[in-house]
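Examination of the molecular architecture
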Amino acid sequence: MPIAQFAFAEEIPDYDKPYAPIFFNKPVYSWTEKVEITIIAPSWNTGMNLIDSIGGDPNYSVDVYTKDHRLEEYKLYETDPTSGIFTGEIILTGFLHDVDGDGVNDTNPRTLGGGPNGGYLQNDEDSGITVSFEFADGVILSESAKIEWNEGDLRITDVTEKFAKIKLFERDMNLNPESIDTVNIEVFSEDDSAGINLEISETTEDSGIFEGIISFTKDDQSSGSRLYALPDSQITAKYVDRTLPKPYNTNDELDVLAQEKIISNLPSTERLSLSESEILSQDGKLIEELDIGKTGMIFSKIRNTLDYTQEFTYIVQIKNENNNVISLSWVTGQVIPSQELGMSVSWTVQETGKYTVDRFVWNSIKGAIPLTETVSTEILIK
């Protein structure tokens, strides 16, 4: 029998009993998804050369309904002349709701259609979908599936110095399962907190998966799908979810965030170069050694070897023979491509001894990403 080959059939049916199992293509639907319906009814297969139908008849009807809305006498058609398998589909149309926060409802709830395709069925906030089939006089079979919202899942993937992919898994924003939907995402970086608004598109008409590409610029303003962000900067994407599952209600919204760092191919310690240190007097003259009670300047030159402007913090740490830190100073600044800057911090010598001067160049005190190797020099104060 043809039915024995169908994936859902677990055993050969007893045809003396009502046999017409009803199946959905999903156990749970979002509010505006396409619903595919299958009813296995071998006894309604009337001939070898005829595509039969079920429903479309008030006496042996197929009804599809949600809590307060109903498609009556919906017609399903046989998949081939001998299968006894009848299929059709309807599109859930949700209820009036503003999904993007602009004050305008983004859905078009309606109930219409006769099948097997092109049917639309409105559903409410807390609902499910049921298909019933009058298999024989007084014998009505039915099956139901849930309808519920989902929490969006936002990700940043495939991050390079030049590009990144923004990806959102959000079945609730598949507002029209027969066309490509779009969603707006905010994307910003540590270097540009205002960032950009990026429109990402559904990968297929009915996927509920949205993707978009952003490019990174090191020397231009953010615009369109281009974001100003330097290597080591953290980028953040934000999606405002206004279709949240229970226990949220329809007026709630939730910021869904994703964060990643831009990792440069160039090691961080090769971004800038640091010259040998010199000791200067307060009037800027080079001196060979420091005297007790005198203030000198620990001077170095920082050169930018990058093709973009780099912010930095020049740090000088001085330790005595016991390895105790007796002085810690820093200066912040930024250096444009190919520029060389002289940086200095002051140090007043209090007593004789051997000192170690450690020099660091970081992106910032907070970030603590080294832009050069640490350089240590010993100084003997007599």
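Preceding this section is the structure that the text describes.
This section reports on the structure supplied with the text. Fair warning: this is a prediction, and the values are worked out from it, not measured in the lab.

**Remarks on the overall build of the protein**
- Counting secondary structure elements, the protein contains zero helices and 27 strands.
- A compact globule built from 382 residues should have a C-alpha radius of gyration of about 21 Å, whereas the protein, at 35 Å, is more than 25% larger.
- Counting all 382 residues of the protein, 43% fall into the buried class.
- Here the contacts in the protein between residues at least 6 apart in sequence split such that 62% fall between residues at least 24 apart.

**Describing the pairing of strand E10 (residues 127-136)**
- Most of E10 sits inside the fold, with eight of its ten residues counted as buried.
- Bridging between strand E5 (residues 62-65) and E10 involves four bridges; their strand directions are antiparallel. Paired with Tyr 65 across the bridge in E10 is Thr 130.
- Adjacent in sequence and paired antiparallel, E10 and strand E11 (residues 139-147) are bridged by two residues, among which Gly 138 carries a positive phi angle near 75°.

**Let's talk about the sheet that holds strand E27 (residues 375-381)**
- The strand order E24-E23-E26-E27 describes an open sheet built from four strands, whose pairing is antiparallel. The sheet is open, and its two borders are formed by strand E24 (325-335) and E27, each paired with just one other strand. Pairwise comparison of adjacent strand axes, ignoring direction, gives a mean angle of 20° for this sheet.
- Sheet topology note: the strand E26 (residues 353-362)/E27 ladder contains seven bridges and is antiparallel. Within E27, the residue paired with Gly 353 across the bridge is Ile 381.

**Structural notes on the side chain of Glu 161**
- Mapped onto the elements, Glu 161 comes out in the loop between strand E12 (153-157) and strand E13 (163-169).
- A relative accessible area of 18% means that Glu 161 is categorised as buried.
- Engagement of the side chain of Glu 161 in a polar contact is seen with the side chain of Lys 218, the distance being 3.1 Å.
- A distance of 3.1 Å separates the side chain of Glu 161 from the backbone nitrogen of Asn 265, its partner in a polar contact.
- Residues contacting Glu 161, with those up to four places away along its chain left out, are Phe 216, Lys 218, Pro 231, Ile 262, Ile 263, Ser 264, Asn 265 and Leu 266.

**Section: the sheet that holds E10**
- On the basis of which strands lie adjacent, the open sheet formed by five strands has the order E2-E11-E10-E5-E6 and mixed pairing. Here the strands that pair on one side only, and so sit at the sheet edges, are strand E2 (28-29) and strand E6 (70-71).
- Pairing geometry for E10 and E11, over nine bridges, is antiparallel. Residue pairing in the sheet places Thr 130 in a bridge with Ser 144 of E11.

**Examining the packing of aromatic side chains**
- Under the criterion given, the structure shown has nine aromatic pairs.
- Seen in terms of ring centroids, Trp 347 and Tyr 355 are 5.2 Å apart; in terms of plane orientation they differ by 70°. Their pairing is edge-to-face. Neither Trp 347 nor Tyr 355 differs from the other in exposure class; each is buried.
- Seen in terms of ring centroids, Phe 360 and Trp 362 are 5.9 Å apart; in terms of plane orientation they differ by 55°. Their pairing is tilted.
- Pairwise contacts between aromatic rings join Trp 44, Tyr 60, Phe 133 and Phe 135 into one cluster.
- A cation sits over an aromatic face here: Arg 70 above Tyr 65, 4.0 Å from the ring centre.
- Sitting over the face of the ring of Tyr 120, Arg 110 holds its NZ or CZ atom 4.2 Å from the ring centroid.

**Some points on the pattern of salt bridges**
- With the rule as written, the count across this model stands at 17 salt bridges.
- For Glu 186, the salt bridge identified is with Lys 238, shortest N-O distance 3.7 Å. Placement of Glu 186 in strand E14 (residues 182-189) and of Lys 238 in strand E18 (residues 234-241) is noted, with a sequence separation of 52 residues between them.
- A relative accessible area of 31% places Glu 186 in the partly exposed class.
- Residue Asp 358 is joined to Lys 319 by a salt bridge in which the shortest nitrogen-to-oxygen separation is 3.2 Å. Here Asp 358 is found in strand E26, whereas its partner Lys 319 is found in strand E23 (residues 310-319), with 39 residues between them in sequence.

Cut-offs applied
Residues numbered from 1 in each chain as written. Predicted model: local features only at pLDDT ≥ 70, side-chain atom pairs only at ≥ 80, totals over all residues. Heavy atoms only, no water. Helix = DSSP H or I, 4+ residues; strand = E, 2+ residues; numbered from the N terminus. Rg over C-alpha atoms; globule rule 2.2 N^0.38 Å. Buried < 20%, exposed > 50% of the residue type's maximum accessible area, 1.4 Å probe, protein only. Contact = heavy atoms within 4.5 Å. Pairing = 2+ DSSP bridges. Axes fitted to C-alpha atoms, helices over the stretch in contact; angles between N-to-C directions. Polar contact = N/O pair within 3.5 Å; in protein donor to acceptor, adjacent residues only side chain to side chain. Phe/Tyr/Trp six-rings, centres within 6.5 Å; stacked < 30°, edge-to-face > 60°. Lys NZ or Arg CZ within 6 Å of the ring centre and 35° of its normal. Salt bridge = Lys/Arg side-chain N within 4 Å of Asp/Glu carboxyl O.

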